[in-house]
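Spelled out from the first residue to the last, the chains are:
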Amino acid sequence: MTDRRKALISQRAGHLVATRTPITVTTLHPGYIATDLSAGAVSSPLMTTTEKGVRSMAKAIERERPDAKGPAWPRVPVGFLMQHLPASATRGQVT
């Protein structure tokens, strides 16, 4: 997703909050979920089952979280490391 698109989504979500509408927006970052579409993909330690991925996304929506990475393990710690390690240590890696 481009920075421009992220900014637009964030602006719209902020507008919904500012206008106090009953609408909540949850931005989901689901990561790698094993589905029929990913059946031919190379296995990854970050890949999760469909059930676990869906459960994680549903929980985030129900809790009305504005931003959710799911499932949290191992995406949250890996994401934290990717943001805080030097670029040379994370070059070529995907979160």
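Please refer to the structure higher up on the page.
Please read these numbers as outputs of a predicted model, since none were measured by experiment.

## Describing helix α2 (residues 50-62)
Item 1. An ideal rise of 1.5 Å per residue puts 18 Å on 13 residues; α2 measures up with 18 Å between its terminal C-alpha atoms.
Item 2. Of all the positions in α2, only Gly53, Ser56 and Ala60 are classed as buried. For α2, the angular spread of the buried residues around the axis is 65°, confining them to a single face. Across from the buried face of α2, at angles greater than 90 degrees, the exposed residues are Glu51, Arg55 and Glu62.
Item 3. Tucked inside the fold, the buried residues of α2 contact β1 (27-29), β2 (67-69) and α3 (72-84).
Item 4. Glu64 lies just past α2 and shows a positive phi near 55°.

## Quick look at the side chain of Thr48
Item 1. As for its position among the elements, Thr48 is in the loop between β1 and α2.
Item 2. Beyond its immediate chain neighbours, meaning those up to four positions away, Thr48 contacts Tyr32, Ile33, Ala34, Gly53 and Pro71.

Thresholds applied
- Residues numbered from 1 in each chain as written.
- Predicted model: local features only at pLDDT ≥ 70, side-chain atom pairs only at ≥ 80, totals over all residues.
- Heavy atoms only, no water.
- Helix = DSSP H or I, 4+ residues; strand = E, 2+ residues; numbered from the N terminus.
- Expected span 1.5 Å × (residues − 1).
- Buried < 20%, exposed > 50% of the residue type's maximum accessible area, 1.4 Å probe, protein only.
- Arc of directions from axis to C-beta.
- Contact = heavy atoms within 4.5 Å.

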